[in-house]
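Secondary and tertiary structure notes
One-letter residues, chain by chain:
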Amino acid sequence: MADSEIAIGIDLGTSYSCVSILEKGKPTVIPNEWGERTHASVVSFLDDGTVLVGNSAKRNIITNADNTVYSAKRLIGRFYFSDEVKKAQAVMPYKIVEGENNSVRIQIRENIYSLPEISALVLKEMKSIVENYLGHEVKKAVVTVPAYFNDNQRQATKDAGRIAGLDVMRILNEPTAAALAYGFGKDIAQRIAVYDLGGGTFDVSVLEIGKDVFEVLSTAGDTYLGGDDFDDRIMTWLAEDFLKKNGIDLRLNKYCLQMLKEASERAKIDVGRDSVARISVEGICQDPAGKVMDLTATLTEVEFNRMVMDLVQRTFKVCDEALQGARMTANELDAVILVGGPTRLPIVRTSVKHYFGRDVMAGIDPDEVVAAGASIQATSLLDSKGEHYLLDVTPLTLRVGTVGGYTDKVIDKNTPIPIERSKSYTTNRDGQERVKIKVYQGESNKAAECELLGEFEFSGFRIAYRGEVRIEVTFEIDTNGIVNVTAADVETGQKTSCTIRLSSGLTDDMIKAAQEKNASTQLARGEAA
Amino acid sequence: MDEGFEIEAQALAQILDELDYFQILKVSQNASPDEIKAAYYRESRAYHPDRFFQLPDCELKTTVGRIYKRINEASLCLRDGARRLKYLTDVSGPDRARRLRFVEASEQELKKDKEQEIGTTPQGRKFFMAGMQDLAALRFAAAERNFKMAITYEPANPNYKAKRDEAAKLVKSDFVVR
């Protein structure tokens, strides 16, 4: 019993994932059989029906491009018509297709996968890494998401956990997890900012840490900004240069594009570490005469900084917003913590130092700290001793649709969760049987500029003349940041019966089917990178 | 979980809808911001749902969840100077029972208030606006007539009645323009 009662913490990243458990009171990142501590969030469907996940799978982005999915987190919980999906379709070598209710699906050969199913395979790999290490099964987990994720994205991540056969005890915000790992067992009283620049998302949270309390004062973010965008800049630079010299646009071929992308990512890391990157890709394409061509270039730090400066500046607009939300100025902070691979870049570190007017906290591994925090929370939920408390907030304003394409606020952003708020509605037709409510998240009063969470339809209340029936609709945001909506007839207190949720999410039946598919999928073992 | 806590939680849940935010956080109405924060942390320690995470779904778990949501609601209101001020006025007034849960006036409600003022029917509004012009031009008798006409369209509009009374009073007062 005691042995199986282990709960794992999983940082499910856009580019890389990481898994941790609490061992003898200390968070410990679990490496795979080759000692790798972080694992590319890449899922490669092999010809023999097995699935390869992690750093070995990453090589298949080029060699098995059609059947290898990466950056799934950019698509999870999004609608098919969203800009992010359109953008991904242009650059991803795998096939992105439309599912029911405007959902996004991935087609691999003849099989159709939902995004939670893809992420579930990454989670399955994380789970099996721990099981290999411990020698027994694990079931319970805390999975992290960017703080700025909306309800659809959180829900989809939770579904991914269920499909992978995990009991997801909590969906935890990445910056909150990092703060927890930082302050855990330290007995400090500080106000800190967590600057979390990941592969595909950017978050910043301002927290107050007390003896046993971790209170998030505000959070802000941009789910369209991350290390991938830095790679894109290098890619554009390389491609333009190649086009000018050779008259061939490498971006028109998805195979060349992947080689270019890989070279750009490596160049970014090299330039960050060595101040200069020598880029060399042999045989990137053939010219019209059939001659094989190579790509060579040298990227200096000055050049690189010039390319990405506007991206770095964009993060500080988000920081301004977070500080404003916490009603603080940068000099009132006691510490700044950097999270995410791209924060290793000198341009990011010096700019952050400059913006906050202080040195960033040393000794924190930006790749592992989120998973570490998740494992602390996972264990704390398991033993319920309540040695510390996380007081988190909702990142986005919850809204309901009103007439004329407008919305009305229900719950403000940065409101502590869990929370609930009720609103009353009346019927506007005689004999009306249903009331329909559209729920949104976002900061604009125009519905079109917000994210639609779903359309809720309530029925089962009294049938009466217009205006006679009052229905109280209760909006709840739970500790996972997930929205629940219920309704009751005010006069009779009768809870209305059916709550239909129309969104791109998965139904219970779909999840059950996906669970079986996931469980029967064999994870291929690759080789050391 | 000890029995004393369970009894206390159930008792608190019973009267939750009769308590104001100060009572929920167990602070006085003139508590300092620091005292309110300390109270919020103290109550979080007692009622945070994570403490009860491993309980099977049961009445206590639901109860604690309900209480904690209200604690967050109280903290959200009382830790903001402007909201706290408005809330204090709300719960100190005669309408206390209905104002225990702070609600910010929504954009729509503000519009509704405005509508209430000038009227909701086109004819009512027309006569009301004419009356307001008469009033401004010191034609009190004409104003009174227009307000009376407006009332025939919207008999329940309190603002119309107030203006009619005001005009009637001015008519009687032999108001002299200097």
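Everything quoted here is computed from the prediction, not taken from an experiment.

1. Details of the overall build of chain A
- Along the backbone of chain A there are 11 helices and 28 strands.
- The principal-axis extents of the C-alpha atoms in chain A amount to approximately 80 × 55 × 50 Å.
- Counting over 529 residues, chain A shows a buried share of 60%.
- A fraction of 66% describes how many contacts in chain A between residues 6 or more apart in sequence connect residues 24 or more apart.
- Within the structure as shown, chain A displays about 21,800 Å² of accessible surface, and the carbon and sulfur contribution to it stands at 48%.
- Looking at chain A, you have 62 positive and 77 negative side-chain charges, and the mean spots of the two groups are 2 Å apart.

2. Some points on the overall build of chain B
- Each helix and strand in chain B was counted, giving nine helices and zero strands.
- The secondary structure elements of chain B, listed N-terminal to C-terminal, are α-α-α-α-α-α-α-α-α.
- For 178 residues, the compact-globule formula gives about 16 Å, and the C-alpha radius of gyration of chain B, at 25 Å, lies well above that figure.
- Oriented by its inertia axes, the alpha-carbon framework of chain B measures out at about 75 × 35 × 25 Å.
- For chain B, the residues scored as buried account for 38% of the 178 residues in total.
- Partitioning the contacts of chain B with sequence separation of at least 6, the portion at a separation of at least 24 is 59%.
- Surface summary for chain B: the accessible area is close to 10,600 Å², and the carbon and sulfur share equals 55%.
- Positive and negative charge centroids in chain B, built from 31 and 29 side chains respectively, lie 7 Å apart.

3. Re the environment of Ile 419 of chain A
- By secondary structure assignment, the location of Ile 419 of chain A is in strand β22 (residues 419–426).
- A relative accessible area of 4% places Ile 419 of chain A in the buried class.
- C-alpha separation for the pair Ile 419 of chain A and Glu 476 of chain A, spaced 57 residues apart in sequence, amounts to 5.8 Å.
- When near neighbours in sequence (up to four residues on either side) are disregarded, Ile 419 of chain A contacts Ile 411, Phe 475, Glu 476 and Ile 477 of chain A together with Lys 69, Asn 72 and Glu 73 of chain B.

4. Considering the domain arrangement of chain B
- By domain assignment, chain B separates into domain 1 (3–111) and domain 2 (119–177).
- Here domain 1 of chain B and domain 2 of chain B have C-alpha centroids that lie 45 Å from each other.

5. Examining the interface of chain B and chain A
- In this assembly, 25 residues from chain B lie in contact with 30 residues from chain A.
- For the pairing of chain B and chain A, the buried interface totals around 2,600 Å² over both sides, and the portion due to carbon and sulfur atoms is 47%.
- Linking chain B with chain A are eight salt bridges.
- Between Glu 420 of chain A and Lys 69 of chain B there is a salt bridge whose closest N-O contact spans 3.1 Å.
- Taken together, the connections running from chain B to chain A amount to 14 residue pairs in polar contact (both at pLDDT 80 or more).

6. Brief notes about the sheet that holds strand β14 (residues 202–209) of chain A
All names here are of chain A.
- In spatial order, the strands read β18-β13-β14-β15-β19; together these five strands make up an open sheet with mixed pairing. Either end of the sheet is taken by a strand with one partner, and the two such strands are β18 (335–339) and β19 (389–391). In this sheet, neighbouring strand axes are inclined to one another by 25° on average, regardless of whether the strands run parallel or antiparallel.
- Here strand β13 (residues 190–197) pairs with β18 via five bridges, running parallel. Paired with Tyr 195 across the two strands is Leu 338, which belongs to β18.

7. Considering the pattern of salt bridges
- One pass over the full model with this rule turns up 52 salt bridges over all chains.
- The partner of Lys 139 of chain A in a salt bridge is Glu 137 of chain A, with the nearest N and O atoms 3.6 Å apart.
- According to the relative accessible area criterion, Glu 137 of chain A is partly exposed, its value standing at 46%.
- A salt bridge links Arg 99 of chain B to Asp 95 of chain B; the nearest nitrogen and oxygen atoms lie 3.5 Å apart.
- Among the residues examined, Arg 99 of chain B registers a relative accessible area of 33% and is labelled partly exposed.
- Take Asp 95 of chain B: its relative accessible area is 29%, and that puts it in the partly exposed class.
- Salt bridges linked by common partners bring Lys 86, Asp 90, Asp 95, Arg 98 and Arg 99 of chain B together as one network.

8. Side note on the sheet that holds strand β9 (residues 104–108) of chain A
Residues and elements named next belong to chain A.
- Strands sit in the order β8-β9-β10 across an open sheet of three strands; the sheet is antiparallel. Lying at the two open borders of the sheet, with one neighbouring strand each, are β8 (95–98) and β10 (111–114). Strand-to-strand twist across the sheet, computed as the mean angle between neighbouring axes with direction ignored, equals 40°.
- The sheet contact formed by β8 and β9 spans four bridges and is antiparallel. By the bridge assignment for β9, Ile 96 is matched with Ile 106.

9. With respect to the nonpolar core
Residue and element names in this part refer to chain A.
- Among the nonpolar cores identified, the biggest contains 57 residues, and Ile 8, Phe 45, Ile 96 and Ile 106 are the most heavily contacted of them.
- Considering every element that reaches this core, the biggest residue donor is helix α3 (residues 115–134), with nine residues.
- In contact with Ile 106, not counting residues within four places along its chain, are Val 69, Leu 75, Tyr 94, Lys 95, Ile 96, Asn 111, Ile 112, Tyr 113, Leu 115 and Ile 118.
- With 56 residues, the next largest nonpolar core counts Ile 62, Ala 220, Leu 333 and Val 336 among its residues.

10. Looking at the side chain of Asn 173 of chain A
All names here are of chain A.
- Counting through the fold element by element, Asn 173 comes out in strand β12 (residues 167–173).
- Judged by relative accessible area, which is 4%, Asn 173 ranks as buried.
- A polar side-chain atom of Asn 173 sits 3.0 Å from a polar atom in the side chain of Asp 392.
- The contacts of Asn 173, once residues within four sequence positions are left out, are Val 145, Pro 146, Ala 147, Arg 154, Asp 392 and Val 393.

What counts as what
The numbering scheme is per chain: residues are counted from 1 as the chain's sequence reads. Chains and ligands are labelled sequentially in the order written, the chains with letters from A and the ligands with numbers from 1. Residue-level local features of this predicted model are given only where pLDDT is at least 70; pairs of side-chain atoms are given and counted only at 80 or more, and the full residue set underlies all totals for whole chains, interfaces and linings. Side-chain descriptors were evaluated using all non-hydrogen atoms of the structure, hydrogens and water having been removed beforehand. The helix and strand labels rest on DSSP assignments: H or I over at least four residues marks a helix, E over at least two residues marks a strand, and numbering proceeds from the N terminus. Per-residue accessibility, obtained with a 1.4 Å probe over protein chains only, is compared with the maximum for each type, and a residue is labelled buried under 20%, exposed over 50%, and partly exposed between these values. Contacts: residue pairs with any heavy atoms within 4.5 Å of one another. The accessible surface values rely on the Shrake-Rupley method and a 1.4 Å probe; as for residues, cover is taken only from the protein chains in view. Asp and Glu are treated as the negative residues and Lys and Arg as the positive ones, with His and the ends of the chain left uncounted. Positions of charges follow a simple convention, taking NZ of Lys, CZ of Arg, CG of Asp or CD of Glu. In this setup the radius of gyration rests on C-alpha atoms only. A globule is expected at 2.2 Å times the number of residues raised to 0.38. All the domain ranges listed were derived from an automatic or database domain assignment. Throughout, buried area stands for the accessible area (probe radius 1.4 Å) lost by two parts on being put together, summed over both. Throughout this description, the term salt bridge denotes a Lys or Arg side-chain nitrogen within 4 Å of a carboxyl oxygen of Asp or Glu. N or O atoms closer than or at 3.5 Å make up a polar contact, with two conditions inside protein: a donor-capable atom paired with an acceptor-capable one, and, for residues adjacent in sequence, both atoms drawn from side chains. Following DSSP output, two strands are said to pair if at least two bridges run between them. Only the stretch in contact is used when a helix axis is fitted, and all axes are lines through C-alpha atoms; the angle between N-to-C directions ranges over 0 to 180 degrees. Here, nonpolar core refers to any group of buried Ala, Val, Leu, Ile, Met, Phe, Trp, Tyr and Cys residues whose side-chain atoms link them within 4.5 Å.

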